Every structure is written in structure tokens, then in C-alpha cells.
Amino acid sequence: MRYAFATALIDFQIDSMLKSPVAIKNGLFVTNNPGHVARFLQTSHIVTIGSLEAKPLTGGSVVLYRVDDLPDISQASVEVINFLREVQAFLTAAWLKKDNSANCELAFSFGQETPHVHSNSLALQYTDHSGGRKSIKVDEGLLAEICKLHATSFQGVTQQNFPAHTVFRKSIARLDRGMKFLQQARSSDDLGQKVANYCSFFEALLSTSASELSHQLSERIAFLLSDDPNKRLGFFKDVKKAYGVRSKIVHGDILTAGVIASLVDVARTCDEFARSLVLKIVQEPHLDALFNTGSNELLDAYMLNLIFGVKESPSSQLSS
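Residues numbered from 1 in each chain as written. Predicted model: local features only at pLDDT ≥ 70, side-chain atom pairs only at ≥ 80, totals over all residues. Heavy atoms only, no water.

> Honestly, the packing of helix α6 (residues 191-206) against helix α8 (residues 229-250) in this entry has me stumped. Any pointers?
Two quantities define a packed helix pair, namely the angle between the helix axes and the distance between the axes. Orientation of α6 relative to α8, taken along the N-to-C sense of each, is 110 degrees, at an axis distance of 8 Å. In terms of axis orientation, α6 runs roughly perpendicular to α8. Of α8, the residues touching α6 (which contributes G192, V195, A196, C199, S200 and E203) are A242, Y243, V245, R246, I249 and V250. Here the contact of α6 with α8 is composed, by residue class, of eight nonpolar, two polar and two charged. (Axes fitted to C-alpha atoms, helices over the stretch in contact; angles between N-to-C directions. Helix = DSSP H or I, 4+ residues; strand = E, 2+ residues; numbered from the N terminus. Parallel < 35°, antiparallel > 145°, perpendicular 65-115°, else oblique. Contact = heavy atoms within 4.5 Å. Nonpolar A, V, L, I, M, F, W, Y, C, P; charged D, E, K, R; others polar.)

> Honestly, the sheet that holds strand β6 (residues 103-111) in this entry has me stumped. Any pointers?
Two pairing modes exist for strands in a sheet, parallel and antiparallel, and in both the strands are linked by backbone hydrogen bonds. Pairing is antiparallel in the open sheet, where six strands are placed in the order β3-β4-β5-β1-β6-β7. Whereas interior strands pair on both sides, the edge strands pair on one side only; in this sheet they are β3 (22-25) and β7 (117-120). Strand-to-strand, the axes of this sheet are offset by a mean angle of 25 degrees, without reference to chain direction. Sheet topology places strand β1 (residues 2-10) next to strand β5 (residues 63-69); seven bridges connect them, and they run antiparallel. Note that in β5 the partner of A6 across the bridge is Y65. Across the sheet, helix α2 (residues 43-58) lies against β1, β5, β6 and β7, angled at about 150 degrees from β6, the strand it touches most. Here helix α3 (residues 75-97) sits on the sheet and contacts β1, β3, β4 (28-31), β5, β6 and β7; the angle it forms with β6, its principal contact strand, is near 145 degrees. (Pairing = 2+ DSSP bridges.)

> So what exactly am I meant to see when it comes to the nonpolar core here?
One recurring pattern in soluble globular proteins: nonpolar side chains tend to sit buried together. Membership of the largest hydrophobic core comes to 77 residues, with the highest contact counts inside it found for L9, F12, L64, F90, L143, F202 and V278. Per-element tally for this core: the top contributor is α3, with 13 residues. Aside from chain neighbours lying at most four places away, what touches F12 is V62, F90, A94, A102, S135, I136, V138, L143 and I146. A6, L57, F108 and V117 belong to the second largest nonpolar core, which has 14 residues in total. (Core = buried A, V, L, I, M, F, W, Y, C linked by side-chain atoms within 4.5 Å. Buried < 20%, exposed > 50% of the residue type's maximum accessible area, 1.4 Å probe, protein only.)

> How should I be thinking about the pattern of salt bridges in this particular structure?
Think of it this way: side chains of opposite charge can pair up when their charged atoms draw near. Using the criterion set out here, one finds 15 salt bridges in the structure. With a shortest N-O distance of 3.8 Å, D99 and K134 are connected by a salt bridge. Residue D99 is located in the loop between α3 and β6, and its partner K134 is located in the loop between β7 and β8 (136-138); the two are separated by 35 residues in the primary sequence. The class of D99 is buried, set by a relative accessible area of 10%. A salt bridge links D300 to R220; the shortest N-O distance between them is 2.6 Å. On the criterion of sequence distance, the pair formed by D300 in helix α11 (residues 296-308) and R220 in helix α7 (residues 213-225) is long-range, its members being 80 residues apart. (Salt bridge = Lys/Arg side-chain N within 4 Å of Asp/Glu carboxyl O.)

> Would you take a moment to explain the side chain of N32 for this structure?
Here N32 lies in the loop between β4 and α1 (34-37). On the accessibility criterion, N32 (7% relative accessible area) is buried. A polar atom in the side chain of N32 sits 3.0 Å from the backbone oxygen of S16. If sequence neighbours within four positions are ignored, N32 has contacts with I14, S16, M17, L18, G60, S61 and V62. (Polar contact = N/O pair within 3.5 Å; in protein donor to acceptor, adjacent residues only side chain to side chain.)

> Would you take a moment to explain the environment of R169 for this structure?
As for its placement among the helices and strands, R169 is situated in the loop between α4 (140-153) and α5 (174-186). Between the C-alpha atoms of R169 and P285, which are 116 residues apart in sequence, the distance is 23 Å.

What follows is the structure in C-alpha cells.
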């Protein structure tokens, strides 16, 4: 049975109407041209979902869609969730290019040989670093970069392969475990909670022991993100400051007026560090291997070599 899966994006704009849908990967396309959507959205579908839900799909909003064959009608509900997770991966790629609050709400499966319609959503609503809304507007060049980054570096976990109970297990890569906290940070509009979740992302990504955790992570982030000693010192202090906020939040303390006044800047810094870390890891093959298949021992050795200026990287063992 043939189905079309589609969702409209919020706070995401393309500066010109696309003449052709832009292919992302595995049959996933993005468009803002209502004519492309009209190929799979029938009048009966619009009647079923109502004009309020149909308007974003038909009115020129940016739409992600995929058309696929399913073995039977029961698979439509599962595939809507799989589709939504792929859309979330696309939104992550967009955030890596520029801080924004782009989201999607409902996604639909539209039967192409039957009037059957199914809808679902994921409980994520991203905000920008300040906890508010910030639209992203892209030209076709930046859109192509986002699509390429999504296609090469990110993949939504299918419902069939989603781990039971928790993703925090040995079989799940360090970066993937960390992304769970990053999603929570990006979807929080409470800046104290946002900063705390960014710090949990740093921990999941970079920690190898609980000893002197704040110092360990501040040092590792500083050395991973810069070669300049002055910048490293600044980054070290910035992460320490964020951890001061995190410590109060998770241990039930309150924030002083001065700390509250600084939260937007602290959250912005955490957001920038998180973006830079993810981009560095996915774009440098030795780091991608280290954070996806490497052990704690290899990460410890890599960071020691980096901090003390030893040229040979222990992560080379991953490719030998």
C-alpha cells in the first residue's frame, strides 16, 4: 500500500519558492512549493484533517515529505513515528548551522490508494538559546548544506530499533546518548534547566570518571574547541560558570539575582559549545570513530595527548 508522510515546519523559511523538491536521503524531500504537496494530498485527505491542519501543508510552508510502499495499513502508524524522528534529525542539522527554534507539530500519513489518514507528534518543542523563538531563513545554498549534513551525519532511530526502557547502555554510542540531553536542553524554555541539560550533554559526551568532573569537562571542551591558549582559558572559565549554575539547579539550591541576570549569556555559550562539539565530531573522522566506537580508556588517552601536545592520537587504534 502506498503512503505519503508529511509535516510542515514552524519557524523555518526558504527565501525563494523551490522549482523542484530537494532530495535529502532515502526518499525524504523538502519543499515550500504547494504544487509538490498537491501531488499526494487529496481533497479527501483535507476533509479528514480539516482546513486548519491542512493550511500549513497547502499554504507554502516548508514541508518535509516521503512517499513509500507499506505492507499493510497497520504499518502507517509506526512509520509516522519513524518519519518524525527523521524530521527531528533534519532539525538538528539545521540547528548545527544556526541557532533557531524550528519545529514540527503534527505529521500525517496519507493513503494514496485509500482515504486512510493517520497523524502523530513527538513531545519536543525546540527553543533558541534564550528559551524563546527564533526563525531560521535559508537560501537554497544553505538548505543544500543542511540536507547534506543530515544525510551524512544524522539518522532518526526507527521505532522498530528503538532500545527498550533506555538508550543509556553500552551498545548505544556516546554521541547518541549525549544527544538525548541536548534535545532536552534545546526544548526547554527555563534557562536554568536548559543550562543544566547542556551540562549533562557535556558529561555524557566527554566524561570518563566522576572525579573532579567540572574541571575535567571544562578542560576537555577548551582543548577540543581551540588551539589558542587565551581562548582555551576563556572557554574553561565559561564551562566552569555553567557548571556553577548546573550544580545549584540539580542540588535543589536557588539562583541569586546576579546569576539569573547572566543566564541568557550562559545559555548562549553552552549552545555554541554544544554546536561546535557536535560539528567537530561528525566532521572529523578520527573523532567520529572515537565518540561512536571508542572506549573510556581511548578517550582518556586521546585527551591526555591533546592536552600535553602529544602528536600521535590513540584514536588511530580504531582504524588499525
